[in-house]
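A look at the structure
So the chains spell out like this:
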Amino acid sequence: TRSLTITSVDQSMFEKAQGEKVTLPCTFELSEEDEGPLDIEWVLIPADNQKREQIIIMYAVDRVYNHYYAGLTGRMQFTNLDPRSGDGSLDILNLKASDTGTYQCKVKKAPGVQSKKIQLTVLVKPARTKCSIEGSQEIGKDVTLKCVSQEGSPLLSYDWRRVSGTQNLPATSMLNKNTGELLLKNASREYSGTYNCVATNRVGTDECSVELNVTPPVNTAGIITGAIIGTLLALCVLCSIIFCLCKKHREKKYEKEVHHDIREDVPPPKSRSSTARSYIGSNRSSLGSMSPSNMEGYTKTPYSQVPSEDFERAPAQNPAFAPSKVAAPNLSRMGAVPVMIPAQSKDGSIV
């Protein structure tokens, strides 16, 4: 007895690049015995067997249901707008690496039921390929040129070529196509030039370039000597700055102590003028009570003996200034009381 048959059996594996479009085929033929409603389902079978199959799109009762799988929403559709014509193929647009997996087409029209599995692999083209140089670019040294693609599905293959001067790589070069490393042993001036790396996989290529400049060895001894001398000079300058700062700090500290050192145990000195005035006042009062008869004896008393701390001096300390004797005038004839006014010498003593 004839029943429903899936006719698209030519290709069951697809490899596409990211961003491209793929059409997963699923054509079928119905028989006269298939009288039930037509149902077409596309199911994604996860790689992990622990997870369940998930319907991504379905045609049932003359209607399309495509909201079951959020990862493909807006990027999938039936190839034929009317799958009843016998074409239930599926279009997936703008492919992503996450779209990789096994897809199964199921066609049901009772009593016939058929299915077909298709393996889809979404590959990423090589992209953001970077070239670099590792090692010293000096004559006689080993230099390694590196090439790495930041994006790209395995298996990636790398190839180096020289684009300046001779097109051939140096005779001492060693290339690793899997890692993208090109080793140049015992480099010479002839190795200088521009090198180009091409990264390739099954869906695309990408490339980058690098400039190699092999130079004579540098004078390391001179560089080391200069660095040592520069370091010593810097240390000397630093020590000088520290010494000046410490000296300045000590001077400020000493000035502060001298200006603010107040001795509370020493009483303030008495004023010279006040002492002299008190002494003169006392003498005036005594002179006013004296009579002319006893003035002669009083004038013999030197005014240098002022009872004051500032005016008490030993005769040996001021030998050049002897107290002068002033003769008392004849008070009886003048009719007035004589007043003795003390005079002050240059050294501060009373005469």
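To start, this report covers the structure provided alongside it.

How each quantity is defined
Residues numbered from 1 in each chain as written. Predicted model: local features only at pLDDT ≥ 70, side-chain atom pairs only at ≥ 80, totals over all residues. Heavy atoms only, no water. Helix = DSSP H or I, 4+ residues; strand = E, 2+ residues; numbered from the N terminus. Contact = heavy atoms within 4.5 Å. Pairing = 2+ DSSP bridges. Axes fitted to C-alpha atoms, helices over the stretch in contact; angles between N-to-C directions. Buried < 20%, exposed > 50% of the residue type's maximum accessible area, 1.4 Å probe, protein only. Salt bridge = Lys/Arg side-chain N within 4 Å of Asp/Glu carboxyl O. Disulfide = S-S within 2.5 Å.

**Remarks on the side chain of aspartate 99**
Mapped onto the elements of the fold, aspartate 99 is located in the loop between β9 (90-92) and β10 (101-109). Not counting chain neighbours up to four residues away, the residues in contact with aspartate 99 comprise Leu72, Arg75, Ile92, Asn94, Leu120 and Val122.

**Quick look at the sheet that holds strand β13 (residues 143-151)**
In a beta sheet, neighbouring strands pair by backbone hydrogen bonds and run either parallel or antiparallel. Taken together, 4 strands build an open sheet; the order of strands is β12-β13-β16-β15 and the sheet is antiparallel. At either margin of the open sheet sits one strand with a lone partner, and together these are β12 (127-134) and β15 (173-176). For this sheet, the mean inter-axis angle between neighbouring strands, taken without regard to orientation, is 10°. Of the strand pairs in this sheet, β12 and β13 are connected by 7 bridges, and their pairing is antiparallel. Bridge assignment links glutamate 134 to a residue of β13, and that residue is threonine 144.

**Some details on the environment of glutamine 114**
Relative to the elements of secondary structure, glutamine 114 occurs in strand β11 (residues 112-123). According to the relative accessible area criterion, glutamine 114 is partly exposed, its value standing at 33%. In this structure the C-alpha to C-alpha distance between glutamine 114 and isoleucine 6, which are 108 residues apart in sequence, comes to 6.6 Å. If sequence neighbours within four positions are ignored, glutamine 114 has contacts with Leu4, Thr5, Ile6, Cys105, Lys106 and Val107.

**Details of the pattern of salt bridges**
Across all of its chains, the model carries 10 salt bridges by this definition. Among the ionic pairs, aspartate 62 bridges to arginine 84, the shortest N-O distance being 3.4 Å. Of the two residues, aspartate 62 is situated in the loop between β6 (54-60) and β7 (63-65) and arginine 84 in the loop between β8 (76-78) and β9; the sequence distance between them amounts to 22 residues. One salt bridge in this structure joins arginine 75 and aspartate 99, with 2.9 Å as the shortest N-O distance. A residue pair is termed long-range when its members are at least 10 positions apart, and arginine 75 in the loop between β7 and β8 and aspartate 99 in the loop between β9 and β10 qualify at 24 residues. Bridged by salt links that share partners, the residues Asp62, Asp82 and Arg84 form one connected network.

**Regarding the state of the cysteines**
All told, the structure shown has 3 disulfides when counted by the stated rule. For cysteine 26, the disulfide goes to cysteine 105, at an S-S distance of 1.9 Å. Where cysteine 26 bonds to cysteine 105 through sulfur, the torsion about that S-S bond is close to -70°, and the disulfide is left-handed. You can see cysteine 26 sitting in the loop between β3 (22-24) and β4 (28-29) and its partner cysteine 105 sitting in strand β10, a full 79 residues away along the chain. In this structure, cysteine 26 and cysteine 105 share a single accessibility class: buried. Cysteine 147 shares a disulfide with cysteine 197; S-S distance 2.1 Å.

**Considering the sheet that holds β8**
Read from one edge to the other, the open sheet built from 3 strands follows the order β3-β9-β8, with strand pairing classed as antiparallel. Strand pairing shows two members of the sheet lacking a second neighbour, β3 and β8, which therefore form its edges. This sheet shows a mean twist of 25° between the axes of neighbouring strands, independent of strand direction. Alignment of β3 against β9, held across 3 bridges, turns out to be antiparallel. Of the residues in β9, the one forming a bridge with leucine 24 is leucine 90.

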